[in-house]
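The primary structure of each chain is shown beneath.
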Amino acid sequence: MTEGSPDLLVERDGHVLTVTMNRPEARNAFSPDMLVRAADAWKLLDEDPELRVGILTGAEGCFCSGMDLKALAGGMPDDVQARWSEDPDMHWKALLRHFRPSKPIVAAVEGYCVAGGTEILQATEIRVAGDTAEFAIAEVQRGLFPLGGSTVRLQRQIGFTNAADLLLTGRRISAEEAKAIGLVGHVVPAGQALARARELADLVAANGPLAVKAVLRSMRETAGMTEADGLAHELTIGEPIIFGTKDAKEGPRAFAEKRPPVFTGE
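In this report, we go over the structure that sits alongside the text. Note that the structure is predicted; figures quoted are calculated from it, not measured.

**Some remarks on the overall build of the protein**
Secondary structure summary: the protein contains twelve helices and ten strands in total. For a compact globule of 266 residues, the expected C-alpha radius of gyration is about 18 Å, and the protein comes in at 19 Å, within 12% of that figure. Counting only C-alpha atoms, the protein reaches 60 × 45 × 40 Å along its principal axes. Counting over 266 residues, the protein shows a buried share of 45%. Surface accessibility of the protein: about 13,200 Å² in total, with carbon and sulfur atoms responsible for 57%. Distance from the positive charge centre (29 side chains) to the negative charge centre (38 side chains) of the protein: 3 Å.

Structure follows, in structure tokens:
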């Protein structure tokens, strides 16, 4: 089933939610309607117990070229304006700056992934790029500031000097360089990013959903801690929350019985 406006497509297939930025005529730049619907999609991924993993991609061979300033300046439809008035933080939630689902997101990148496109990429966990994809955070070239979180997140993900290089020069890099510095984890032939992302999403979805959420939570919450504090905090998440669950019993049982586990999230 696919639902949503032409600006954003949301598709449920089993335990996987695929979110497609769908403005190819504007290189899938963010519009107000896209942002509202993206915020709803991330809330759905977070709250629906049947969903275990998300995929974020762009339509027609392009990921995202950032914010569409023309669309923002052109005004909003009444229903979009109403939602924005209800929650002025809507755009930051949509861009995964002020909200992160408790379940992982796999990014499938083709073509341009620049400005806000590279910023939202940093909020995903597993990243696949077609080999002709290009990445840049070019705000400084326009005298602007990348408000999507890059000055904080990027140096934590790819190291200080790599982050400084991209943020201060605004230069464009290839998929291979993005992989070399750790911005993406997989490079595949152009046009195959979504297929590979779905393979990885299916691997995640086949695992114990409570265990996946707990591992992701621990990774996020310990990222800024010392090793000693992180190890102590890890115990408060893994042992009491996971090992008493039905899924934690089902996994070893299925292994002993030489069958695939049937996880229920209990």
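Having put the structure on the table, let's press on.
**Section: the sheet that holds strand β9 (residues 173-174)**
Within the open sheet, the three strands sit side by side as β6-β8-β9. Their pairing is mixed. Each end of this open sheet is capped by a strand with a single partner; those strands are β6 (112-114) and β9. Bridge analysis of β6 against strand β8 (residues 134-136) gives three bridges, and the strand direction is parallel. What sits directly across from C113, in β8, is F135.

**Here we look at the side chain of Q122**
For Q122, the position within the fold is in the loop between α5 (116-121) and β7 (126-130). A polar contact is formed between the side chain of Q122 and the backbone oxygen of T118, at a distance of 3.2 Å. The contacts of Q122, once residues within four sequence positions are left out, are R127, I137, G149, S150, R153, L154 and Q157.

**Examining the pairing of strand β2 (residues 8-13)**
Examined bridge by bridge, β2 and strand β3 (residues 16-21) share six bridges and lie antiparallel to one another. Looking at β3, one finds that R12 is bridged to L17. If you look at the hairpin formed by β2 and β3, you'll find two residues sitting between the two strands, and G14 has a positive phi there, around 65°.

**Section: unusual backbone geometry**
Of note, the phi angle at L96 is positive, near 65°, even though the residue is not glycine. Position of L96 among the secondary structure elements: in the loop between α4 (90-94) and β5 (105-109). Exposure remark for L96: the relative accessible area of 0% places this residue in the buried category. At K258, a position not held by glycine, the phi torsion is positive, near 55°. We classify K258 as exposed; its relative accessible area is 80%.

**Description of the packing of aromatic side chains**
In total, this model carries zero aromatic pairs according to the counting rule given. Over the ring of W92 we find R97; its NZ or CZ atom is 5.0 Å from the centre of that ring.

**Observations regarding the nonpolar core**
Grouped burial of nonpolar side chains is what soluble globular proteins tend to show. Grouped together as the largest cluster of nonpolar side chains are 47 residues, with contacts concentrated most on V109, F135 and L183. It is helix α1 (residues 32-47) that provides the largest number of residues to this core, a total of eight residues. Counting 14 residues, the second-largest nonpolar core is a separate cluster that includes V106, A197, A201 and V204.

**Regarding α1**
Two residues of an α-helix separated by three or four positions point the same way, owing to the 3.6 residues in each turn. With 16 residues, α1 ought to run about 22 Å at 1.5 Å a step, and its terminal C-alpha atoms sit 23 Å apart, in line with that. Residues of α1 that are buried include every one of P32, D33, M34, L35, V36, A38, A39, A41, W42 and L45, and no others.

**Looking at the packing of α1 against helix α3 (residues 78-86)**
Packing of α1 against α3 brings their axes to within 10 Å, and their N-to-C directions diverge by 55°. With respect to α3, the axis of α1 lies oblique. Between α1 and α3 lies a crossing of left-handed hand. On α3, the residues touching P32, D33, L35, V36 and D40 of α1 are V80, R83 and W84. Looking at the contact of α1 with α3 residue by residue, the classes come out as five nonpolar, no polar and three charged.

**Some details on the pattern of salt bridges**
Scanning the entire structure with this criterion turns up 17 salt bridges. The salt bridge partner of E221 is R217, with a shortest N-O separation of 3.0 Å. With a gap of four residues between them, E221 and R217 both fall in helix α10 (residues 209-222), about one helical turn apart. The exposure class assigned to R217 is partly exposed, which follows from its relative accessible area of 36%. Linking R259 and E250 is a salt bridge whose minimum nitrogen-to-oxygen distance equals 2.7 Å. Among the residues examined, R259 registers a relative accessible area of 29% and is labelled partly exposed. Relative accessible area serves as the criterion here: at 9%, E250 is assigned to the buried category. Connected through salt bridges with shared partners, the residues E250, R253, E257 and R259 form a single ionic network.

Parameters and conventions
Residues numbered from 1 in each chain as written. Predicted model: local features only at pLDDT ≥ 70, side-chain atom pairs only at ≥ 80, totals over all residues. Heavy atoms only, no water. Helix = DSSP H or I, 4+ residues; strand = E, 2+ residues; numbered from the N terminus. Rg over C-alpha atoms; globule rule 2.2 N^0.38 Å. Buried < 20%, exposed > 50% of the residue type's maximum accessible area, 1.4 Å probe, protein only. Areas by Shrake-Rupley, 256 points an atom, 1.4 Å probe, with all protein chains shown as cover. Lys, Arg positive; Asp, Glu negative; His and termini not counted. Charge placed at Lys NZ, Arg CZ, Asp CG, Glu CD. Pairing = 2+ DSSP bridges. Polar contact = N/O pair within 3.5 Å; in protein donor to acceptor, adjacent residues only side chain to side chain. Contact = heavy atoms within 4.5 Å. Phe/Tyr/Trp six-rings, centres within 6.5 Å; stacked < 30°, edge-to-face > 60°. Lys NZ or Arg CZ within 6 Å of the ring centre and 35° of its normal. Core = buried A, V, L, I, M, F, W, Y, C linked by side-chain atoms within 4.5 Å. Expected span 1.5 Å × (residues − 1). Axes fitted to C-alpha atoms, helices over the stretch in contact; angles between N-to-C directions. Parallel < 35°, antiparallel > 145°, perpendicular 65-115°, else oblique. Left-handed = near helix turned anticlockwise from the far one by under 90°. Nonpolar A, V, L, I, M, F, W, Y, C, P; charged D, E, K, R; others polar. Salt bridge = Lys/Arg side-chain N within 4 Å of Asp/Glu carboxyl O.

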